[in-house]
There are 2 protein chains.
Amino acid sequence: MQNDGLKKVAVIMAGGGGTRFWPVSRMTTPKQLAKLTGNDVMINETVKHYAGVINREDTFIVTNRMQADLMDKVLFDEIDRSHILVEPVQRNTAPCIIYAAMTMKKLYGDALMAVLPADHHISDIREYERVLNLAFKTADEMNKIVTIGIWPTFPSTGYGYIRFSTNPIEAGSEVYHLRRFVEKPKLEVAKEYVNSGKYLWNSGMFIWKASVILDCFKQYLPEMYEKVNSIYDKLGTAEEQAAIEEIYPTLEKISIDYGIMEKASDVFCIPAEFGWNDVGSWDALENVFDRDDSGNVVIGNDGQGIIDCKNSVVFDNSGDKFIATIGLENIVVVQTKDAILVSSKDRVQDVKLMVEKLKTIGREDLL
Amino acid sequence: MQNDGLKKVAVIMAGGGGTRFWPVSRMTTPKQLAKLTGNDVMINETVKHYAGVINREDTFIVTNRMQADLMDKVLFDEIDRSHILVEPVQRNTAPCIIYAAMTMKKLYGDALMAVLPADHHISDIREYERVLNLAFKTADEMNKIVTIGIWPTFPSTGYGYIRFSTNPIEAGSEVYHLRRFVEKPKLEVAKEYVNSGKYLWNSGMFIWKASVILDCFKQYLPEMYEKVNSIYDKLGTAEEQAAIEEIYPTLEKISIDYGIMEKASDVFCIPAEFGWNDVGSWDALENVFDRDDSGNVVIGNDGQGIIDCKNSVVFDNSGDKFIATIGLENIVVVQTKDAILVSSKDRVQDVKLMVEKLKTIGREDLL
């Protein structure tokens, strides 16, 4: 790691609630605080991913009140409590990012920021480091917003896409101009996207200088900029939290994609491939973990209770009851300390229906 | 109930081990001691079935050492400990029956015995009482062995069959001559049986006078008869158990069907239909319990965790973990205090493979 030039920081957006991994993810332990894909909770796995590029202590987390304390407990010790920025209410990603960027300006004058999701899986760490370094270099030298797009491997209808200009910004470069963001498409459209070679999955990873993104806010979301700038002096002081609590509820609820990126001219995009998976639902574990000879993924359990199952997932988060499965195909079985989920694999998205149902039947203890 | 004539007793054969309902049935709590089909353990449900015909206190149980104490604990108080006959080793059904019959002779001189399996389900109790009364009357008046056959409702390959003579023993009677017993047939053969109208399922229920069956033993299994008769004086005394332990291991291992019934001339058979089910495996619960509109059977659980499941079974024997099921079809989910079974419905017979596996991996705690 170089020590010359601007400081490189990671800003991890970790405010999500998320019920897609119920019963493992809960209101109090959302996905980023659950152990799903590694030995550690997902947010620490996220910190490990960029270890070769960003110092661990230069990690910032933006989260909500409910998760802040638990986050502080589970996060690596090197990450100071003051690096956990607490949103009093959720206002989508634009407020979250200006809060972080303004904090970087206050602390460091300027910094190279990598804004990263808290709960994605990356299997090819070396390649991820290489792409992240390229993104930092590009953001640093060219004063641009840089996004990382993922080469799609199938016509997903669960991801947003990025349409990029297929000519690089200069001959031989891996960096391209971004044309536009596209919402989750229908299957037919997704197929066209993938076949065209002109669309990438939106990884939600953005790299820029704090000064560059703040200029964008000033230009495209001036009201939000003014409000946050008005408490600039209080950032990093004992008065920060009170000031944030006052202005935050008045900030516009808008995503960084729509609030800034779609309006900004000349956003850059790096197409990449580093074994990325957003681990969006139980069936995604198949793409993160090795399967056995029958296509099963078995986690937290020695798998000795499995007889003649195929393409199924057994996720044992408590281990107290022996899990015996016989003749299953495309079934997900999850055990936690207080719940058992058995779902057909093509219906795992509907754990959100289960969570809704739990609310209506008064089983908040399971949320 | 009449008090004139011979005493009517029930002899329940309850020595079976049985792993077909693992994880609910265990070595220490086999099927007859498990709560599967009713509010009480199956053996007490069996006692309830004949409440209108046989006094509860005139119940005798033949079981093994391992189950005797637990049986005594769970059985209705009216059934005296002395009515639990303990087989030191299992020698199939003929020794079991002569032991019981000889005991009836010793206690009552003679008695009308209904030999009944411990773990079958009967839904039409009124009709069952009617058939049982008819069987007792026939056995009493005609000094015959009477069996109860069940009109088959589908070509089962899991039941033994009875071929009966389709002419009643006298005009207008519901009683027929039995021609022969047939082992579990292959599907094609079972279909022929069912279509022919000449075959019944063997319910394993036999009704006779103790004196009549003892005469049969004297004639067809004379060695066995002599051995048991040699300890006749000790039956019902403090010396009984020691005497039984001495002779029992020397008795021939043979079923009552082959040892006696196939040889005896003029065995009677009553074709019946009283919602009988032998509850042979998890999928049988579908035929015992009401299904919901989607064909699901949900036991021990309010079913609030079920979303869009069809023709599935949820059996909750512990209730401590919430069971959530989504989009399942033809799946059996069972929870006990220490195990979770998830099986495809057409593979539930293979819980026996699971039980074997548990032995090989040293999980005797789950057996």
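The structure under discussion appears in the preceding block.
Residues numbered from 1 in each chain as written. Chains lettered and ligands numbered in written order. Predicted model: local features only at pLDDT ≥ 70, side-chain atom pairs only at ≥ 80, totals over all residues. Heavy atoms only, no water.

Chemist: Mind showing me how you'd approach the overall build of chain A here?
Modeler: When helices and strands are tallied, chain A shows ten helices and 17 strands. Against the 2.2 N^0.38 benchmark of 21 Å for 367 residues, chain A shows a C-alpha radius of gyration of 21 Å, consistent with a compact globule. Over its C-alpha atoms, taken along the principal directions, chain A stretches across nearly 60 × 50 × 40 Å. Residues counted as buried form 56% of the 367 residues belonging to chain A. (Helix = DSSP H or I, 4+ residues; strand = E, 2+ residues; numbered from the N terminus. Rg over C-alpha atoms; globule rule 2.2 N^0.38 Å. Buried < 20%, exposed > 50% of the residue type's maximum accessible area, 1.4 Å probe, protein only.)

Chemist: Sorry if this is basic, but what is going on with the interface of chain A and chain B here?
Modeler: The accessible area lost on association of the parts is a frequent measure of interface size. Contact residues are listed per partner, giving 39 residues for chain A and 39 residues for chain B. Between chain A and chain B, the buried area comes to about 3,000 Å², and carbon and sulfur atoms account for 65% of it. On the chain A side of the contact with chain B, K321, F322 and I326 of chain A bury the most area, a combined 25% of that side's loss. R347 of chain B serves as the salt-bridge partner of D308 of chain A, at 2.6 Å between the closest nitrogen and oxygen. Our enumeration of links across chain A and chain B arrives at 26 residue pairs in polar contact (both at pLDDT 80 or more). Those elements that place two or more of their residues in the side of chain A that touches chain B are β13 (306-307), β15 (322-326), β16 (331-335), β17 (339-344) and α10 (351-360) of chain A. No other element matches β17 of chain A, which puts six residues into the side of chain A that touches chain B. Broken down by class, the residue content of the side of chain A that touches chain B amounts to 20 nonpolar, ten polar and nine charged. (Contact = heavy atoms within 4.5 Å. Buried area = accessible area lost by both parts, 1.4 Å probe. Salt bridge = Lys/Arg side-chain N within 4 Å of Asp/Glu carboxyl O. Polar contact = N/O pair within 3.5 Å; in protein donor to acceptor, adjacent residues only side chain to side chain. Nonpolar A, V, L, I, M, F, W, Y, C, P; charged D, E, K, R; others polar.)

Chemist: How do you make sense of the pairing of strand β7 (residues 161-168) of chain A when you look at a structure like this?
Modeler: Residues and elements named next belong to chain A. Direction of pairing for β7 relative to strand β8 (residues 176-182): antiparallel, over a ladder of five bridges. Each residue of the ladder has a partner; that of R163, found in β8, is R180. Here β7 runs beside strand β9 (residues 199-209); their pairing, made up of three bridges, is antiparallel. Across the sheet, residue Y161 finds its bridge partner in β9, namely W201. (Pairing = 2+ DSSP bridges.)

Chemist: Whenever I open this one, the sheet that holds strand β12 (residues 297-299) of chain A confuses me. Can you help?
Modeler: Sheet strands pair by backbone hydrogen bonding; their relative direction is either parallel or antiparallel. Reading across the sheet, the six strands line up as β12(A)-β14(A)-β16(A)-β17(A)-β15(B)-β13(B) and stay open at both edges, with mixed pairing between neighbours. Since the sheet does not close on itself, it has two edges, and those belong to β12 of chain A together with β13 (306-307) of chain B, each with one partner. Bridge analysis of β17 of chain A against strand β15 (residues 322-326) of chain B gives five bridges, and the strand direction is parallel. Looking at the pairing, S343 of chain A lines up with I326 of chain B of β15 of chain B. Against the sheet, α10 of chain A touches β17 of chain A together with β13 and β15 of chain B, its axis set at about 135° to β15 of chain B. (Axes fitted to C-alpha atoms, helices over the stretch in contact; angles between N-to-C directions.)

Chemist: Would you mind going over the environment of Y108 of chain B with me for this structure?
Modeler: All names here are of chain B. With respect to the helices and strands, the residue Y108 is situated in helix α3 (residues 93-108). On the basis of relative accessible area, Y108 is assigned to the partly exposed category, the value being 29%. Each C-alpha atom of the pair Y108 and S344 lies 50 Å from the other, and the pair is 236 residues apart in sequence. Sequence-distant contacts of Y108, that is, excluding residues within four places in its chain, are made with K7, V9, D58, F60 and H83.

Chemist: Explanation requested: the packing of helix α3 (residues 93-108) of chain A against helix α7 (residues 222-229) of chain A in the structure shown.
Modeler: For any two helices packed against each other, one specifies the inter-axial angle together with the distance between the axes. Residues and elements named next belong to chain A. Remark: α3 packs on α7, axes separated minimally by 10 Å, with the N-to-C direction vectors making an angle of 45°. As the angle between them shows, α3 and α7 are arranged oblique. In this structure, the crossing between α3 and α7 has a hand that is right-handed. Contacts between α3 and α7 pair A94, P95, I98, M102 and K105 from the former with M224, Y225, V228 and N229 from the latter. Broken down by class, the residue content of the contact of α3 with α7 amounts to seven nonpolar, one polar and one charged. (Parallel < 35°, antiparallel > 145°, perpendicular 65-115°, else oblique. Left-handed = near helix turned anticlockwise from the far one by under 90°.)

Chemist: What's the story with the sheet that holds β15 of chain A in this structure? I'm lost.
Modeler: The sheet built from six strands is open, its strands ordered β13(A)-β15(A)-β17(B)-β16(B)-β14(B)-β12(B) with mixed pairing. Two strands bound the open sheet, and with one partner strand each, they are β13 of chain A together with β12 (297-299) of chain B. Each of β13 and β15 of chain A together with β17 (339-344) of chain B touches helix α11 (residues 351-360) of chain B; the most contacted strand, β15 of chain A, lies at about 135° to it.

Chemist: What exactly am I supposed to notice about the side chain of N44 of chain A here?
Modeler: Residue and element names in this part refer to chain A. Within the secondary structure, N44 sits in helix α1 (residues 42-49). A polar side-chain atom of N44 sits 3.3 Å from a polar atom in the side chain of D40. Contact partners of N44, with chain neighbours within four places excluded, come to V74, L75 and F76.

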